[in-house]
Amino acid sequence: MSSCTTVEELGNEVYVLRLGHRPQRDKRITTHVALVARAFGARGIYIAEVRDDSIKQSIKKVISKWGGSYFEISDGVDPLTIINKIKSESGCIVHLTMYGLPIDNVINEIREKCKKILVIVGAEKVERLYYEIADYNVAIGNQPHSEVSALAIFLDRLWRGREINICFPDAEYYIVPSRRNKVVKRVDRK
Ligand code: SAM
């Protein structure tokens, strides 16, 4: 864990806003959005409008084993309240959409200008309002794919790959990379 990067060292403080979660259909994909957010350096995720305790429970389980107790997960939030809060803190709103500007054209500006970032990802159709509110509508290519891949690639370009080696100092377990085996160790805090 010696060469890992702390979440503070990444620089920008990133939160994710998940729009349009449908508890019957999107449990797995919203859980994966949250897993990507935590694993790749975001500080938290807001799930708009609806409550879904099962997602919160699975992320909390991951955090208790693998660390990241700073990671916030809030559901049933009013998206405009969150957006206004980030704007009032001089943060930027980045909406990921296949219709936006190519990531390569805007990522350097976002990295430099936006100390705090709220990344919006949708499920189905995202209302026009969010395209207007966003400081940046960003496309990860102009083909439809997934909010999970879009978020992962956005964070990776933002931090130029440094987030891959993020460290979670409060983890209970860590992995020793291995060619063929699953090597998991418990952190010795004595
Ligand atoms: N036609 C939809 C749209 O407005 O982008 C695609 C919906 S897709 C199933 C769900 C979410 O994935 C979108 O709201 C967007 O956040 C993200 N997404 C999908 N493809 C993307 C792309 N090429 N670039 C950026 N984000 C994308």
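So, here is what we can say about the structure in this document. The model shown is predicted, which means the values in this text are computed figures rather than measured ones.

## Considerations on the overall build of the protein chain
Each helix and strand in the protein chain was counted, giving seven helices and eight strands. Taking 190 residues into account, the globule formula puts the C-alpha radius of gyration at 16 Å, and the protein chain, at 17 Å, falls close to it. Seen along its three principal axes, the alpha-carbon backbone of the protein chain occupies a region of about 50 × 35 × 35 Å. In the protein chain, which comprises 190 residues, the proportion classed as buried is 46%. Considering only residue pairs separated by 6 or more positions, the protein chain has 82% of its internal contacts joining residues 24 or more positions apart. Looking at the protein chain as shown, the accessible area adds up to about 10600 Å², and 50% of this sits on carbon and sulfur atoms. Each charge sign in the protein chain was given a centre, from 30 positive and 24 negative side chains, and these centres are 7 Å apart.

## So, the site of the ligand
Taken together, 19 residues are adjacent to the ligand, and Leu96, Ala123, Ile140, Gly141 and Gln143 come closest. Leu96 has a polar backbone atom sitting 2.7 Å from an oxygen atom of the ligand. Interatomic distance of 3.4 Å between a backbone N/O atom of Thr97 and a nitrogen atom of the ligand. Protein coverage of the free-state accessible area of the ligand, which is 540 Å², stands at 87%.

## Some words on the pattern of salt bridges
Evaluation of the coordinates by the stated rule reveals 13 salt bridges. Where Asp75 meets Arg51, a salt bridge forms, and the shortest distance between an N and an O atom there is 3.1 Å. Note that Asp75 is positioned in strand S3 (residues 72-77) and Arg51 in the loop between strand S2 (44-48) and helix H3 (53-66), a separation of 24 residues in sequence. What makes Arg51 exposed here is its relative accessible area of 61%. Two residues, Glu132 and Arg128, come together in a salt bridge whose shortest N-O distance is 3.0 Å. Linking Glu132 with Arg128, this pair stays in helix H6 (residues 128-133), spanning four residues, or about one helical turn.

So, how was this worked out
Residues numbered from 1 in each chain as written. Predicted model: local features only at pLDDT ≥ 70, side-chain atom pairs only at ≥ 80, totals over all residues. Heavy atoms only, no water. Helix = DSSP H or I, 4+ residues; strand = E, 2+ residues; numbered from the N terminus. Rg over C-alpha atoms; globule rule 2.2 N^0.38 Å. Buried < 20%, exposed > 50% of the residue type's maximum accessible area, 1.4 Å probe, protein only. Contact = heavy atoms within 4.5 Å. Areas by Shrake-Rupley, 256 points an atom, 1.4 Å probe, with all protein chains shown as cover. Lys, Arg positive; Asp, Glu negative; His and termini not counted. Charge placed at Lys NZ, Arg CZ, Asp CG, Glu CD. Near = heavy atom within 4 Å. Polar contact = N/O pair within 3.5 Å; in protein donor to acceptor, adjacent residues only side chain to side chain. Salt bridge = Lys/Arg side-chain N within 4 Å of Asp/Glu carboxyl O.

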